[in-house]
Amino acid sequence: MVPANRRGFHFDNCKRNELLESKGSITAKFTKTGTTIVGLIYKDGVILGADTRATEGPIVADKNCEKLHRLTENMYCAGAGTAADTEYTTNMIASKLELHRLNTNRQPRVVTAASMLSQHLFQYQGHIGANLILGGYDINGPQLISVMPHGSTDKLPYMTLGSGMLAAMAVFETKWKPNMERDDAIALVTEAVSAGIFNDLGSGSNVDVVVITKDRTDYLRNHSKPNQRVPKQTSYKYPPGSVSVIRKEVRYHSNANQSPAAVVPEVVMSES
Amino acid sequence: MVPTEHHGDQWEPYVDNGGSTLAIAGEDFVVIGSDTRSSDGYNINTRYDPKAFKFTNNTVLATTGYRADCKSMAKSVQAQITKYAHDHGKEMSVEAMAQMLSIMMYQKRFFSYYVFPIVAGIDKEGKGAVYSYDPVGNMERVGFRAFGSSSALLQPFIDDQLGFKNRADIKPEERELHLPDLQQAKNIITDVFNGAAERDIYTGDGLQLFTITKEGGIELEELPLKRD
């Protein structure tokens, strides 16, 4: 049993790593999703949007990843920042909310999720790099709440987060208005995420959208695909014999019934 | 007493503006491709900032690295080439231009241009020539070369496709017998840049494709690349 004061993360190596870094040795790098995530409230509910690019430094690690995380039937969470942190934090909160729903026999509320996220992130003093936009619909109507890595929250009618947040916010600030129609609101979210996709190098590929209303949630995976790959001019199939076979060996998985002779690997040396 | 101000960060004179270049020499032609995006961090400075320029009727210089240095260096090279033409009554050859660039770069040995140049042209024998450099002027004549933010993606690919490295069917020594024709070289460049635009965040927007032949001089084609 782990003692109570030793639960959770260990920070034992923080001082050591700081010293190592100051002496010029390499430091641990983790996948940060340079991202554009957005959210807005419209007439009948709330809409979240996200791009689908995941990067490792200058390289695109995943061209079609998912940044819209399901918390409950009536709540989704868009995540930016350290990929692992957004994934694990939202998964954990989703589990807790489901247990909460079972225990109380009531639909979980958005503020409940927001409090849980904020308290969890505050406990870890910003070491969990999750920048979240939480959107949902409960008995208090549509709600949109952002949660920052240190645990602070904001309640706004429209918001953007991630490396493409400025590009996306430029669109919202010019075109958002209260009580928009569903189709117009989806189009605006798509336009805001697209602004991030095209103008921010950390964001790219497709637009994912989720529309949450009183009695319906529509997850529109790859709602817009503006960056399809162009077909290749030539085939790069290798002619047979392009690869030299140095050794060929066939090994069977251990089989008690097999005679030892059959297990002897067949070894063929290539002529080259 | 006012305490002395300490500035932790030293002055950094260089910025990497990204982008990629790729040149392929054929038997009697050279093709040189380069994207047109110029960026800083996660921002795109411009979607159309050509990296490759025609210098004589026979030579193209393409440079990645720090854009300001690329342009400054190109301007100096152009000045020398114009002067050479006036002094000698003829255009400078690729060989001469390549050697001159090496010297000009080494002259700035201790405050070098942050550049990765490629010179492409047709040599005196009528063969395709590609010269590549490091930022202080170390020059090498090669059959093909990729430089810039996607060089680590492109170079291994063309080493295999054009250099026949680690191939059992064609030995690297037999490369001269399997030089690509003009269309093959162009296809490889377009394919390779479309691939680079998929995976490298600093390469994209547009592709400039220069073709240099003895008879046709220099031709330029512009093709779109992904803009995300």
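Residues numbered from 1 in each chain as written. Chains lettered and ligands numbered in written order. Predicted model: local features only at pLDDT ≥ 70, side-chain atom pairs only at ≥ 80, totals over all residues. Heavy atoms only, no water.

As a further point, take the overall build of chain B. Looking only at helices and strands, chain B has four helices and 12 strands in total. By principal-axis analysis of the C-alpha atoms, chain B measures approximately 75 × 45 × 30 Å. A total of 228 residues make up chain B; the buried ones form 54% of that total. Contacts in chain B between residues at least 24 apart in sequence constitute 62% of all its contacts with a sequence separation of at least 6. When the accessible surface of chain B is summed, it comes to about 10,900 Å², and 51% of that surface belongs to carbon and sulfur atoms. (Helix = DSSP H or I, 4+ residues; strand = E, 2+ residues; numbered from the N terminus. Buried < 20%, exposed > 50% of the residue type's maximum accessible area, 1.4 Å probe, protein only. Contact = heavy atoms within 4.5 Å. Areas by Shrake-Rupley, 256 points an atom, 1.4 Å probe, with all protein chains shown as cover.)

Here the focus is the overall build of chain A. Looking only at helices and strands, chain A features six helices and 15 strands. Taking all 272 residues of chain A together, the buried fraction comes to 42%. The long-range fraction of contacts in chain A, counting pairs at least 24 apart against all pairs at least 6 apart in sequence, stands at 60%. Of the roughly 15,800 Å² of accessible surface on chain A, 54% is carried by carbon and sulfur atoms.

Attention shifts here to the sheet that holds strand 10 (residues 144-148) of chain B. Strand pairing in a sheet relies on backbone hydrogen bonds, with the paired strands running either antiparallel or parallel. Residue and element names in this part refer to chain B. Reading across the sheet, the five strands line up as 10-1-2-11-12 and stay open at both edges, with antiparallel pairing between neighbours. Unpaired on one side and paired on the other, strand 10 and strand 12 (217-224) mark the two borders of the sheet. Here the strands of the sheet are splayed against their neighbours by 10° on average, with no regard to which way each runs. Sheet topology places strand 2 (residues 29-35) next to strand 11 (residues 206-213); seven bridges connect them, and they run antiparallel. Looking at the pairing, Asp35 lines up with Leu207 of strand 11. Sheet strands touched by helix 3 (residues 151-161): strand 1 (20-25) and strand 10. Its angle to strand 10, the strand with the most contacts, is close to 170°. (Pairing = 2+ DSSP bridges. Axes fitted to C-alpha atoms, helices over the stretch in contact; angles between N-to-C directions.)

By the definition in use, this model includes nine aromatic pairs over all chains. Three or more aromatic residues joined by ring pairs form one cluster here, namely Tyr14, Tyr66, Phe111, Tyr114, Phe116 and Phe147 of chain B. (Phe/Tyr/Trp six-rings, centres within 6.5 Å; stacked < 30°, edge-to-face > 60°.)

Here the focus is the environment of Thr211 of chain B. All names here are of chain B. Along the polypeptide, Thr211 turns up in strand 11. Sequence-wise, Thr211 and Asn57 are 154 residues apart; in three dimensions their C-alpha atoms are separated by 11 Å. Aside from chain neighbours lying at most four places away, what touches Thr211 is Val30, Val31, Leu182, Lys186, Gly217, Ile218, Glu219 and Glu221.

Our focus in this paragraph is the interface of chain B and chain A. With 29 residues of chain B at the contact, the number on the chain A side is 33 residues. The junction of chain B with chain A conceals about 2,500 Å² of combined surface from both sides, 51% of it contributed by carbon and sulfur atoms. A per-residue breakdown of the area chain B buries against chain A is headed by Tyr42, Arg199 and Asp228 of chain B, which together make up 29% of the total. For the pair chain B and chain A, the number of links is two salt bridges. The salt bridge partner of Arg53 of chain A is Asp228 of chain B, with a shortest N-O separation of 3.4 Å. In this structure, the connection of chain B to chain A is made through 17 residue pairs in polar contact (both at pLDDT 80 or more). Put simply, the parts of the chain that give the side of chain B that touches chain A at least two residues each are strand 4 (43-46), helix 3 and helix 4 (182-199) of chain B. (Buried area = accessible area lost by both parts, 1.4 Å probe. Salt bridge = Lys/Arg side-chain N within 4 Å of Asp/Glu carboxyl O. Polar contact = N/O pair within 3.5 Å; in protein donor to acceptor, adjacent residues only side chain to side chain.)

As far as function goes, none of this settles anything; it's purely spatial.
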